[in-house]
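Residue-level structure breakdown
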Amino acid sequence: MSSATMRASTLVIARRSMVRFFRTPQLVVLGTVQGAIFLLVYRYVFGGAIDAGGIPYVDFLVPGFIATMVLFVGVGVAAGVAEDMREGFVDRLRSLPIPRSAVLSGRALADVAQLVWGLGVTTALGFVVGFRFHGSAGAALAAFALCVAYGVAFEWMFVALGTLASNAQAAQGIGFLVFPLTFVSSAYVPVDSMPGWLQAFANHQPITVMVDAVRSLALGPQAGPLLAHDSGYYVARALLWTAGIIVVFAPLAVARFRRG
Amino acid sequence: MTPMIEASGLTKRFGRTLALDRLDLVAQPGQVVAVLGPNGAGKTTLVRSIATLVRPDGGDLRVFGHDVRREAAAVRAVIGLAGQYAALEPAMTGRENLEMIAVLFGLDRISARTAAARVLAQLDLVDAGDRLVRTYSGGMRRRLDLGASLVGAPRLLLLDEPTTGLDPRSRIELWDAIRALVDQGTDVLLTTQYLDEADRLAGRIVIVDHGRVVAAGTPAELKQRAGRSVVEVHVRDSAELPRVAAALARLDHGAPQVEEATRRVSVAVEAGVDRLRDALQALSEADAEVEDISLRPPTLDEVFLSFTGTTGHGTVAMEACA
């Protein structure tokens, strides 16, 4: 099959996901409103009671909030994959004379585009509630790019989980996996405020590593009281985790789509 | 002539279940082939194997001469598939759905637009064409789904239980749509659980059970071989059952079958309304209290029975009436 066919079919399949997203108000409005409410609750309800280790809580929170957003968006990815499998949409695509990998690449392209959209909206909201970058513009861009990279990695994980779930509701249940990963991390509160046994988990799971990298880039010198190492250290660790997740889940997702 | 479908020794196993058990089938183009069988008979696995969605474990399967394993791309270029669900994007219009599939089928934008318009007209969906699919009724979705499998002008249309779950009216509309396609020269292979559906649409019926073909032929041939209509009597009070059975036994068409649980007595008869009149007469002579009486074609179970000696899926059914 020519590469033009691969490119053309990827774009057509991605377009369908984008159209679905923008024509389904529940997805656009509800997703955005839900994110905004969570952000406001942390910022204004819990925020006052949380000691963020010497920096304003809003500066502590927003990088963590944005980095963990990719996981909450991913639950929707898993549900979408499960639904497409169940409703026969994937079968229809797989019965067409197109490269089979286009089914996945089209989906991934659209999912990442939606993630970038969501990251942009959430970052803007962060600014509205008082968050400011303290590092260089380049570091801010790198932080954003890092979040997109996490999104790409988790895309594979959620696609794989979506193919394993029997329906969209079961895929939503993956949310239960997301909660401990996001809440028991450095995303919303400093890890050293947790009991020791919980710290052991929080310090060694990928979300903390990823959040620390984004925070280190976004806060620049202001991150001093929180983070012992420089940004390079945290970013390198985060990229290792990102690569690890892709290495494990991308082949699994591809195999699940090829299976028959 | 190259057969449309040629399967020999086709085998597919899912875990412990043997979905296809050395299935042999040759179907020629130029006709509608109905694969008839109960749930779990292997119908869907057969269709999915033909559509290259399932990779057979053993045996050989060719579609217009193309091997489904080695020449999957060539097979996909000549088939259109409509599965058990309406595989459409609800957030797009009917026309957009069709154009999307047409482009994926390899048509350029302009040809895709023409093909979508043609299919909308063909399936009587022109008025609804520019509405979002999520506003469609179930019957309209199925018709559009059928359209999506047609938009690439495939040589062979695969329909997996196309009318399951539809109301009677939508079912008849879909039948009409399928029949119109056949008149225009599209070959169709469809699966169904319903004898009447196979009867109305197909020139050739293949009965599948436990992953194997148990019988094949034209509807007339199969009916002749499966035989007979059934007179079925329901009674209100199970005390009436022996009297009814005795009355029906006097018809001389073999031993009536009595089902205590459903208070039902049935007997296979040679086809014809006369037999119903005879039965009524015998019952009234015996002074039996009857709730309901009917003359019906044999059920799928009974057709199976006549070919296999066992029922398709272990439900209680009548014994063979030789």
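Residues numbered from 1 in each chain as written. Chains lettered and ligands numbered in written order. Predicted model: local features only at pLDDT ≥ 70, side-chain atom pairs only at ≥ 80, totals over all residues.

The number of helices and strands found in chain B is eleven helices and 14 strands. Structurally, chain B occupies a C-alpha span of about 75 × 45 × 35 Å along its principal axes. For chain B, the residues scored as buried account for 46% of the 322 residues in total. Contacts in chain B between residues at least 24 apart in sequence constitute 66% of all its contacts with a sequence separation of at least 6. (Helix = DSSP H or I, 4+ residues; strand = E, 2+ residues; numbered from the N terminus. Buried ≥ 20, exposed ≤ 12 C-beta atoms within 10 Å, placed from the backbone. Contact = placed C-beta atoms within 7 Å.)

All right, on to the pairing of strand β7 (residues 156–160) of chain B then. Residue and element names in this part refer to chain B. For β7, the buried fraction is high: five of the five residues fall into the buried class. Pairing analysis gives four bridges linking strand β6 (residues 79–82) to β7, with the strands arranged parallel. Its bridge partner lying in β7, Ile79 is registered against Leu156. Sheet topology note: the β7/strand β8 (residues 187–192) ladder contains five bridges and is parallel. Bridged to Leu158 within β8 is Leu189. Note on the crossover from β7 through helix α6 (residues 168–183) to β8: the handedness is right-handed. (Pairing = 2+ DSSP bridges. Right-handed = clockwise from strand over helix to strand, strands pointing away.)

Our next topic: the sheet that holds strand β14 (residues 292–296) of chain B. All names here are of chain B. With respect to topology, four strands assemble into an open sheet ordered β12-β13-β11-β14, the strand pairing being antiparallel. What marks the edges here is a single partner per strand, and that holds for β12 (257–259) and β14. Between one strand axis and the next, the sheet turns by 20 degrees as a mean value, whatever way the strands run. Relative to strand β13 (residues 264–269), β12 runs antiparallel, the two sharing three bridges. (Axes fitted to C-alpha atoms, helices over the stretch in contact; angles between N-to-C directions.)

Tallying the contact residues gives 19 residues for chain A and 23 residues for chain B. For the side of chain A that touches chain B, the secondary-structure elements that each account for two or more residues are α1 (3–22) and α4 (89–94) of chain A. Among the elements that take part in the side of chain A that touches chain B, α1(A) stands out by supplying five residues, more than any other. Considering only residue class, the side of chain A that touches chain B consists of seven nonpolar, five polar and seven charged. (Nonpolar A, V, L, I, M, F, W, Y, C, P; charged D, E, K, R; others polar.)

Next up on the list: the confidence of the model for chain B. Per-residue confidence for chain B gives a mean pLDDT of 85, with 91% of residues at or over 70. With pLDDT under 50 throughout, residues 311–322 of chain B is counted as low confidence; its partners more than four residues away or in other chains account for 27 contacts. (pLDDT = per-residue confidence, 0-100.)

Bringing the nonpolar core into the picture now. One finds A:Ala78, A:Val214, B:Ala34, B:Val151 and B:Leu158 to be the most contacted residues of the largest nonpolar core, which totals 145 residues. Top element by residues in this core is helix α3 (residues 57–86) of chain A. It accounts for 19 residues. Non-local contacts of A:Val214, meaning those with residues more than four positions away in its chain, are made with A:Pro63, A:Ile66, A:Ala67, A:Ala143, A:Leu146 and A:Cys147. (Core = buried A, V, L, I, M, F, W, Y, C linked by C-beta atoms within 7 Å.)

This next bit is on the packing of helix α2 (residues 25–46) of chain A against α3(A). All names here are of chain A. For the pair α2 and α3, interaxial distance at closest approach is 11 Å and the crossing angle is 150 degrees. Relative to α3, the element α2 lies roughly antiparallel. In this structure, α2 crosses over α3, and the sense of that crossing is right-handed. Contacts between α2 and α3 involve Gly35, Leu39, Tyr42 and Arg43 from the first element and Val58, Leu61, Phe65 and Met69 from the second. Grouping the constituent residues of the contact of α2 with α3 by class yields six nonpolar, one polar and one charged. (Parallel < 35°, antiparallel > 145°, perpendicular 65-115°, else oblique. Left-handed = near helix turned anticlockwise from the far one by under 90°.)

Turning to the sheet that holds β8(B), a few remarks are in order. All names here are of chain B. An order of β6-β7-β8-β3-β9-β10 is seen for the six strands of this open sheet, with the pairing classed as mixed. Each having just a single partner strand, β6 and β10 (212–217) make up the two edges of the open sheet. Ignoring strand direction, the axes of neighbouring strands in this sheet form an average angle of 15 degrees. Bridge count between strand β9 (residues 204–209) and β10: five bridges; the pairing is antiparallel. Counted as the bridge partner of Val206 is Ala216 from β10. The strands that helix α5 (residues 138–150) touches are β6 and β7; relative to β6, the one it contacts most, it runs at about 160 degrees.

Moving on to the environment of A:Gly120. Residues and elements named next belong to chain A. With respect to the helices, strands and loops of the structure, Gly120 is situated in helix α5 (residues 101–128). Overall, Gly120 belongs to the exposed group, with 12 C-beta atoms counted inside 10 Å. Here the alpha-carbon distance between Gly120 and Ile50, two residues 70 residues apart in the chain, equals 26 Å.

Residue and element names in this part refer to chain A. Relative orientation of the contacting elements helix α10 (residues 206–219) and helix α11 (residues 231–258) amounts to 140 degrees, with a least axis distance of 8 Å. The orientation of α10 relative to α11 falls into the category oblique. Crossing geometry of α10 relative to α11 is assigned as left-handed. Contacts from Pro206, Val209, Met210, Asp212, Ala213, Ser216 and Leu217 of α10 reach α11 at Ser231, Tyr234, Val235, Arg237, Ala238 and Trp241. Of the residues contributing to the contact of α10 with α11, the split by class is nine nonpolar, two polar and two charged.

What follows covers the domain arrangement of chain B. Considered domain by domain, chain B is made up of domain 1 (5–224) and domain 2 (228–297). Put simply, the middle of domain 1 of chain B and the middle of domain 2 of chain B, counted by C-alpha atoms, are 40 Å apart. (Domains from an automatic or database assignment.)

Attention shifts here to unusual backbone geometry. Residue and element names in this part refer to chain B. Of note in this structure, Arg263 is not a glycine but carries a positive phi near 50 degrees. Given 18 C-beta atoms within a 10 Å radius, Arg263 is considered partly exposed. Located in the positive-phi region is Asp287, a residue other than glycine, with phi close to 60 degrees. For Asp287, the location among the structural elements is in the loop between α10 (273–285) and β14. Under the C-beta neighbour-count criterion, Asp287 is labelled exposed, with 8 such atoms within 10 Å.

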